[in-house]
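The chain contents come next:
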Amino acid sequence: MNREKLMELLYKASDRVRWPLGPWQTVGLGVGTLVFAFLLWFNCGVRGCPDVARLSAYQPDGAPVLLDRSKKQFGNLAPFERRIVSIDSLPDYVPNAFVAVEDRRFYKHNGVDWRRSVGAAIVNVKAGGISQGSSTISMQLARNVFPKELPGQERTFRRKLLEVRVAKAIEHKYTKPEILELYLNHIYFGGGAYGIETASRHYFAKNAKDLKLSEASALAALPKAPAHYDPRRHPERNQQRRSTVLALMQEQGIITPREAELARDAKLRVPQEPPSSRADAQLGAYFIDVVRNMLDDKFGDELYSSRLRILTTLDITAQRAAEEELDKQLRSVSTRVRAGDGALQGAVVVMEAKTGDVLALVGGRDHKKSRYNRAILAQRQIGSAFKPFVYATAIAEGVPASEIISDEPLYMKISEGNVWSPKNYDGTFEGAVSVRDALVRSRNIPTVNLAKQVGYPDVEETARRAGVKSDIPDQPSMALGVASLTPIELASAYTSFATLGTQSKPRFLLRVEDETGRVLWEPPMQTQQNSMDPKVAFIVTDMLRDVINRGTGTGVRAAGFFGAAAGKTGTTNDATDAWFVGYTPDLVADIWIGYDSPSPLGSAGTGGGIAAPVWGRIMRRIYAKREAPPVWQAPSGVVQRTIDPGTGLVLEEGCSPEYGEPRQEVFLVDHIPESACPSQSWFDGFFDNVGETIGDLFQRGGRPDTLDSVAVPPPEPEDKARRRAEEMEKFLEKRRQPLEKKKGKGNDRGRGNGL
């Protein structure tokens, strides 16, 4: 279309539009609009501009409030104490690192880098989204210091204009060095650390004036996304971003290529634990650390911009019980176990089985002395606490809980010239035990035999479906718990047993609200249905109830808790780790006790001896204020039968065991053992018949003329006779076992996992 044709169309359109104002009125409207727009710009809109003069005295206003699950306040997320430093006290490469990566034209613009803004706009249009920012250091300072007036979560043109306006006011009020100093003292570095001095202490345990180039570049990597580039939690990401910072510094001539290379290759020494803070004295300090990290990831520095209400899953009663009972136990047993490297430590996790809500979490003995969260981070061998997954696999594959399995010396060839011979914890062998008793009394050799019978891959698959994510060694010893898990991971996996088939992932937050009550975030409950067959979970739970009632976990009852409960002890090689993980129909909790640097606890340091009592005392206190749940009910497909404890077979009606008392056992309906009547063996039957014949003689007053007249029972069918003979052999074998034990068999202490 040519120019003449276009103008003709415009003239025709203008003829149809009637403008109500005259020429002078139109000019007046235009001028008035410009004046109004200028006033809005000058005044930062209707609300007015923030007072940039407050910058030098600024402190964050109001920390987020932490509420427990009943909405009672138990703490807050106050940031770490800010320490102001002069820019003149810092090495030149410290502020220059931030200028290089955040605002390379800082000294050339007056608050807004229009050249960078245009370039970023073009890049973003091509990318179809926001892939490059254009905020200057002055604009970032405005956004960080005035979060209410310039909310970071508000991605609008109005907010961007206000940010530009405040940035220009800052540039007008302060010199470039002053602006850079304000920026370094106010910018957020993650983990509750504001300012370069606090960040330096938080990440490197030193003053900012002592930072090396490698450390300065690591801190300069953080403002873009503090949680994402955290050098403590995500060292690889920080390393990549640090390399980018150093490359930019080299490109801009701030440092030499050699300096960049040395700083890039330098190994950062980030202490495993941040320094203590005001939060250390709060109830649930380790719990608060977890919540802070989660909210840092979600909200960044906006977390501290207003007085948010954080509704957590914490239960004050459970948390206080966990902290106090663990502390008392560690103080008590420290004199009874072997001394190790450092103080004896412990961890506690208490979860709701169906929801995964973490009611209590203790990550160590003293948060002030060590902020290392063992409940979340410490992967330790779990010992016999792994065994329920072996037995669950066996039950699922048709092995009844009454089946008799071997408990005799075992030698397994692992590789050429490498033979593994596991031992029971007490160093003895019982010859044969039932599946139930092997788990209840934590016998190692029967467990290894059972795992071999059902297959190691199947055992691993059972643990995986229950929620175990950590590595499980593909070797026979995996049955004895050589896998290393964190307490939170182990507790989560045991929810599959407690709920009879549903695994729940840990949840710490219920929702986050702003000051007006508006919900900003509501993390969903995460569960995995069918993580275990409900019938299998019930039978294993029934066996684990015996662990507490008459097995290795009787310390729970001795501690005064008598509610419905199941659980398993765990003691690793050389007793370096003591565990107890137990559950009720609605709660799962585990206890770990040991040294940070694995050291033997000695004979007193068993899971049943030092961990189970803590569990019992914590549960006793929790259920003093919590309604006891109904006991587990057998799902469809599980039946109960009376068995002969010597053979594991179901007793026929009216029959009794060869020795001992009959027992009740639960079975999968499709895998009930065959029936038997041990008291009616051919051996017993023969003498019964002879006795009856002699009695008849006395009743008749005489004796038969020939032996043929004695009532001898007819011969049994061959298959029945064979079965009776096998039963007799088992009976005699049982009689021989006490004699073999007296010969001193297996007096040496076992080194395998056990109690």
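Going by the structure above, here's the rest.
Keep in mind the model is a prediction, meaning the values are calculated, not measured.

Draft legend 1. Region of the structure containing empty space enclosed by the protein. A complete count under the given rule lists one cavity of 30 Å³ or more for this structure. Considered as a void within the structure, the largest cavity measures approximately 50 Å³ in volume. The wall of the largest cavity is formed by Ile 395, Gly 398, Val 399, Pro 400, Ala 401, Ile 539, Val 666, Phe 667, Leu 668 and His 671. It is strand β21 (residues 663–668) that contributes the most residues to the lining of the largest cavity, three residues altogether.

Draft legend 2. A look at the pairing of strand β16 (residues 566–571). Counting buried residues along β16, six of its six residues qualify, which places the element largely inside the surrounding structure. Burial along β16 is two-sided: Ala 566, Lys 568 and Gly 570 and Gly 567, Thr 569 and Thr 571, pointing in opposite directions, are all buried. Hairpin remark: β16 followed by strand β17 (residues 577–583), antiparallel, with five residues in the connecting loop; positive phi at Asp 574, about 60 degrees.

Draft legend 3. Structural context of the packing of helix α9 (residues 213–220) against helix α10 (residues 235–251). It is at 8 Å that the axes of α9 and α10 come closest, and there the two elements cross at 110 degrees. Looking at the two axes, α9 sits roughly perpendicular to α10. Across the interface between the two elements, Leu 213, Ser 214, Ser 217, Ala 218 and Ala 220 from α9 touch Asn 238, Arg 242, Val 245, Leu 246 and Met 249 from α10. Here the contact of α9 with α10 is built from residues that sort into six nonpolar, three polar and one charged.

Draft legend 4. Structural view of unusual backbone geometry. The phi torsion at Ser 442 lies on the positive side, around 55 degrees, for a residue other than glycine. Tracing the chain through its elements places Ser 442 in the loop between α16 (435–440) and α17 (444–454). Positioned with a positive phi, Ala 575 is a non-glycine residue whose angle comes to about 55 degrees. Counting through the fold element by element, Ala 575 comes out in the loop between β16 and β17.

Draft legend 5. Inspection of the pairing of strand β2 (residues 73–76) at higher detail. Inspection of the sheet shows strand β1 (residues 65–67) paired to β2 by three bridges, in the antiparallel sense. Across the sheet, the residue bridging to Val 65 is Asn 76, located in β2. Between β1 and β2, which pair antiparallel one after the other, the connecting turn spans five residues, and Lys 71 there sits at a positive phi close to 70 degrees.

Draft legend 6. Here's a closer look at the nonpolar core. By size, the foremost hydrophobic cluster in this structure holds 92 residues, and its most contacted members are Leu 295, Leu 361, Phe 386, Phe 389, Tyr 494 and Tyr 583. Looking at this core element by element, the count peaks at eight residues for helix α20 (residues 534–550). Of all hydrophobic cores here, the second largest spans 47 residues; its members include Leu 90, Ile 187, Ala 199 and Leu 268.

Thresholds, definitions, all that
Residues numbered from 1 in each chain as written. Predicted model: local features only at pLDDT ≥ 70, side-chain atom pairs only at ≥ 80, totals over all residues. Heavy atoms only, no water. 1 Å grid on protein atoms, 1.4 Å probe; cavity = no way out; pocket = protein on both sides within 12 Å on 5 of 7 lines; lining within 4 Å. Points joined across faces, edges and corners; volume = space filled by probe spheres on them. Helix = DSSP H or I, 4+ residues; strand = E, 2+ residues; numbered from the N terminus. Buried < 20%, exposed > 50% of the residue type's maximum accessible area, 1.4 Å probe, protein only. Pairing = 2+ DSSP bridges. Axes fitted to C-alpha atoms, helices over the stretch in contact; angles between N-to-C directions. Parallel < 35°, antiparallel > 145°, perpendicular 65-115°, else oblique. Contact = heavy atoms within 4.5 Å. Nonpolar A, V, L, I, M, F, W, Y, C, P; charged D, E, K, R; others polar. Core = buried A, V, L, I, M, F, W, Y, C linked by side-chain atoms within 4.5 Å.

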